[in-house]
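# Structure at a glance
Here is how the chains run, residue by residue.
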Amino acid sequence: MEEKVISIDKATLELLEKAKNDGVETAWDRKAALKVPCGFGAAGVCCRNCAMGPCRVSPVPGKGVSRGICGATADVIVSRNFARMVAAGTAAHSDHGRSIALSLYHTREDGDIKVKDEEKLKRVAERFNVETEGRDKYDIAHDVAKEGLNDYGRQLDEVNLPPSVPEKRKELWKKLGIFPRAVDREIAAVMHSTHMGCNADAESMIKMSMRCSLTDGWLGSYMGTEFSDIMYGTPHSADTEANLGVLEKNSVNVVLHGHEPILSEMIVQAASDPELIELAKSVGADGINLCGMCCTGNEVSMRHGIKLAGNFMQQELAVVTGAVDALIVDVQCIMPALAKLSESYHTKFITTSPKAHIKGSTYIELDEENLLNSAKSILKEAILNFKNRDQSKVMIPELKSKAIVGYSVEEILNKLDKVVNSEIGPMQTVKPLADVIVSGVLRGAAAVVGCNNPKTTQDYSHVETIKGLIANDVIVVVTGCAAQAAAKHGLLQKEAVKYAGPGLATVCKLVDIPPVLHMGSCVDISRILDLVGRVANHLGVDMSDLPVAGIAPEWMSEKAVAIGTYVVTSGIDVWLGIVPPVTGGPEVVDILTNKMDDWVGAKFFIETDPKKAVEQIVNRMNEKRKKIGI
Ligand code: SF4
Ligand code: SF4
């Protein structure tokens, strides 16, 4: 293992020590074993898009080989590789959204999945032009699902963009030729144009990536979030706890990991089944302790206050505690290493999705026709496995933090209503938030999102960025593994106001919120787009005019690349704390960090030092404020 600080999270460090003693490897060991990463891959200048290659060209202009066999330059190769990352990320989120839309289509009064938030269903129906007057809620739900699903494969007519996209933004996208068409179409279009002998112009390739990414943020992810709220409930603020200390020595510990809420919601329901609770007691446990990890963790925490076991780099360490009886997963961000690791412990590693088979796992497919019963049988496996636990090998770190979660846009509006005089109104709008931004009580708003990455000290950049921003009176919203980092380090508590500047502290006190708001999973970044769009519409400006920023301090996945791209394309500057594989293409770097600003009024900033990033964000916010005279 490298001699550098691995993590600022004590639970992580304690368990890494145990992993060493137990003789098992983790992602950090594998990172060290790989030694120095390939410079060509890191710069994005290797291509294997056809069998004449693989080709690798020089990342330094004017030196060495400048073209692949087909003649593709470094910029062409880099832009195509970047575009494919965006397409993969968009595909992951959008396929997630598609499953959710299909579930909505199959909701029934007597089914396992019902319509829980009828009010939200009606609001969403309105934007899809689905008639609601005097109709059964399930008929409405099915029509909404059909309309949503059409936007995945629509060949003609415009897609249904949410009303929070400002008109100015739509016009801009049209002018630039990046107005999004159907989700699957944009993914296919990128894959087509990145084929050998197709697109060989970095500018147009990046524009195609931008158009593709918009189908993620404003369509695939957006629908995933909206429809999940309709079926599983719109989140409201709730107390929870975070970090591996949430595992319990005398309970059946079940860790839910992955992304789609279909599986986790069913397991949550199954866990309250009296027969299964009885079964847990009969095997000698106190009860069933459900905990979440990564985005599935965020989904169930936002809606049910389920405890957060940890973020991306802690998935292996959960098993290393020796206290996890089952790790139940579906899709995305699940390290295949878990299969081998689980062999060294009693943990049952259960995969459930045909989209993500993992060799060496126990595969129990979640039966979509019979969801609840299927979830119960999966949970039963976990309970029965408690008997195989060797308590002498268990080490649960005594570390956990209190956190408040559940800040959907609806919940934020409810909180903002607290400072509105009901005689004067208006209620249920973003006006109070817009007012404090315009007056300067808040300098701006920032979203800190994304993963963990062993290239950097785990959680350090998340925590430094968040603390730096709130100290500068920037309100912070968080999602994904960044949210869990914030939760573990006590930033999702009202007491965290001690780190906030005076303006933000006053707002937090009046509205009764922490300075850092957990807005959900990675697809829930669509909630952030919605919020920013509403503020822009309220003020009659475009999203690029607002003092807002997005930061992915420790990103690692292709989904994060898609997210960063749709956030910039929506007019919000994005800071990346990990250098993306583009440095070998000077034109691509110029487009991402410069030209994009001319196109969409926002750009990427690449800054690995979180303290410097905070400085840049504050300066950029000040510039934006000056520009619109606030
Ligand atoms: S597409 Fe061009 S650069 Fe890529 S592998 Fe084929 S010949 Fe090489
Ligand atoms: S934040 Fe990144 S690592 Fe975490 S669940 Fe989302 S994509 Fe995966």
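Residues numbered from 1 in each chain as written. Chains lettered and ligands numbered in written order. Predicted model: local features only at pLDDT ≥ 70, side-chain atom pairs only at ≥ 80, totals over all residues. Heavy atoms only, no water.

### Overview of the site of ligand 1
Neighbouring ligand 1 are C47, N49, C50, M52, G53, C55, G68, I69, C70, R80 and M196. Partitioning the shell around ligand 1 into residue classes produces seven nonpolar, three polar and one charged. (Near = heavy atom within 4 Å. Nonpolar A, V, L, I, M, F, W, Y, C, P; charged D, E, K, R; others polar.)

### Some details on the UniProt feature "binding site: [Ni-4Fe-4S] cluster" (unreviewed entry) in the chain
The UniProt feature table records "binding site: [Ni-4Fe-4S] cluster" (unreviewed entry) at H259, C295, C333, C451, C481 and C522. With the annotated positions falling across 264 residues, the maximum pairwise C-alpha distance of 13.2 Å places them together in a single cluster. Structurally, C333 can be placed in the loop between β7 (326–329) and α14 (337–343). Excluding anything up to four places from it in sequence, C333 contacts H257, H259, F312, Q315, M556 and K559. (UniProt positions renumbered as here; feature names shortened; annotations may be inferred. Helix = DSSP H or I, 4+ residues; strand = E, 2+ residues; numbered from the N terminus. Contact = heavy atoms within 4.5 Å.)

### A short note on the site of ligand 2
By nearness alone, 13 residues border ligand 2, and H259, C333, C451, C481 and C522 come closest of all. Those elements that place two or more of their residues in the shell around ligand 2 are α12 (294–304) and α19 (480–488). Here the shell around ligand 2 is built from residues that sort into eight nonpolar, four polar and one charged. Both of domain 2 (244–388) and domain 3 (405–628) provide at least three residues apiece to the shell around ligand 2. (Domains from an automatic or database assignment.)

### Structural notes on the UniProt feature "binding site: [4Fe-4S] cluster 2" (unreviewed entry) in the chain
As recorded in UniProt, the sites labelled "binding site: [4Fe-4S] cluster 2" (unreviewed entry) are C47, C50, C55 and C70. Spanning 24 residues, the named residues nonetheless gather at one spot, since no C-alpha pair among them exceeds 10.7 Å. If you take the residues mentioned a moment ago, the ones lining the largest pocket come down to C47. For C47, the position within the fold is in strand β1 (residues 46–47). You can call C47 buried: its relative accessible area is 11%. Leaving out residues up to four positions away in the same chain, C47 has contacts with P54, C55, I77 and R80. One can find C70 in the loop between β2 (55–56) and α4 (74–105). A residue is classified by how much of its surface remains accessible, and C70, at 40% relative accessible area, is partly exposed. Contacts of C70, omitting those with residues within four sequence positions, involve M52 and M196. (1 Å grid on protein atoms, 1.4 Å probe; cavity = no way out; pocket = protein on both sides within 12 Å on 5 of 7 lines; lining within 4 Å. Buried < 20%, exposed > 50% of the residue type's maximum accessible area, 1.4 Å probe, protein only.)

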